[in-house]
Amino acid sequence: MPPPEPPPLPALTRAEGELIDRYLDVVDLLGRINPAHPGDTYRGLRAAQALVAKAALLRDALELMHRRGETELHAATLARALRVLDGERRTARVTLPAESGS
């Protein structure tokens, strides 16, 4: 039996789609840098180096939206898009993990 189809993405402008994609790129890199998660320093270093470029692309996506007159973020719609794109799992890597039993 094939896995269930994911829900469809909500209707987004091209600029909103770019914003979501660039935001998730940054989140993924921050998750790789997070010192509260196991990993090696080289992996974190590479992610930190890439973060500079990805943050600039995120800035550019927001700047484009602003220039085009898209001055408000439609949070509910963008949150739905983030959930469809596995944003909850991806952003969880940025936070501190729960403490283990003492």
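Residues numbered from 1 in each chain as written. Predicted model: local features only at pLDDT ≥ 70, side-chain atom pairs only at ≥ 80, totals over all residues. Heavy atoms only, no water.

Enquirer: Honestly, the pattern of salt bridges in this entry has me stumped. Any pointers?
Expert: In a structure, side chains of opposite charge can pair up when their charged atoms sit close to one another. Counted according to the given criterion, the structure contains nine salt bridges. Arg-59 is the partner of Asp-60 in a salt bridge, and the nearest nitrogen-oxygen pair spans 2.9 Å. Close ionic contact of Asp-86 with Arg-89 constitutes a salt bridge, the shortest N to O distance being 2.5 Å. Counted as one network, the salt bridges with shared partners bring together Glu-18, Arg-22, Asp-25 and Lys-54. (Salt bridge = Lys/Arg side-chain N within 4 Å of Asp/Glu carboxyl O.)

Enquirer: Can you walk me through unusual backbone geometry in this structure?
Expert: Across the chain, the bulk of peptide bonds are trans and the bulk of non-glycine residues have phi less than zero. Of note, the phi angle at Asp-86 is positive, near 65°, even though the residue is not glycine. Checked against the element boundaries, Asp-86 lands in the loop between helix H3 (75-84) and helix H4 (87-92). (Helix = DSSP H or I, 4+ residues; strand = E, 2+ residues; numbered from the N terminus.)

Enquirer: Before we go on, may I ask you to explain the packing of helix H1 (residues 14-33) against helix H2 (residues 41-67) in this structure?
Expert: Angle between the axes and distance between the axes are the two parameters that describe a pair of packed helices. Packing of H1 against H2 brings their axes to within 8 Å, and their N-to-C directions diverge by 160°. Relative to H2, the element H1 is oriented roughly antiparallel. Between H1 and H2 lies a crossing whose hand is left-handed. Of the residues assigned to the contact of H1 with H2, the class counts are 17 nonpolar, one polar and eight charged. (Axes fitted to C-alpha atoms, helices over the stretch in contact; angles between N-to-C directions. Parallel < 35°, antiparallel > 145°, perpendicular 65-115°, else oblique. Left-handed = near helix turned anticlockwise from the far one by under 90°. Nonpolar A, V, L, I, M, F, W, Y, C, P; charged D, E, K, R; others polar.)

Enquirer: In this structure, what is going on with H3? I would like to understand it.
Expert: Since the α-helix turns once every 3.6 residues, residues separated by three or four places project in the same direction. Listed as buried for H3 are Leu-78, Ala-81 and Leu-82. The arc that holds the buried residues of H3, viewed along the axis, is 100°, so those residues lie on one side. In this structure, the buried side of H3 is in contact with H1 and H4. A positive backbone phi angle near 65° is found at Asp-86, which sits one or two residues after H3. (Buried < 20%, exposed > 50% of the residue type's maximum accessible area, 1.4 Å probe, protein only. Arc of directions from axis to C-beta. Contact = heavy atoms within 4.5 Å.)

Enquirer: Sorry, what's going on with the nonpolar core here?
Expert: Most often, soluble globular proteins have nonpolar side chains that are buried together. Counting 13 residues, the largest nonpolar core has Leu-19 and Ile-20 as the members making the most contacts within it. Those elements that place two or more of their residues in this core are H1, H2 and H3. The element best represented in this core is H1, accounting for six residues. If we ignore the near neighbours within four places in the chain, the residues touching Leu-19 are Leu-58, Ala-61, Leu-62, Met-65, Leu-73 and Leu-78. (Core = buried A, V, L, I, M, F, W, Y, C linked by side-chain atoms within 4.5 Å.)

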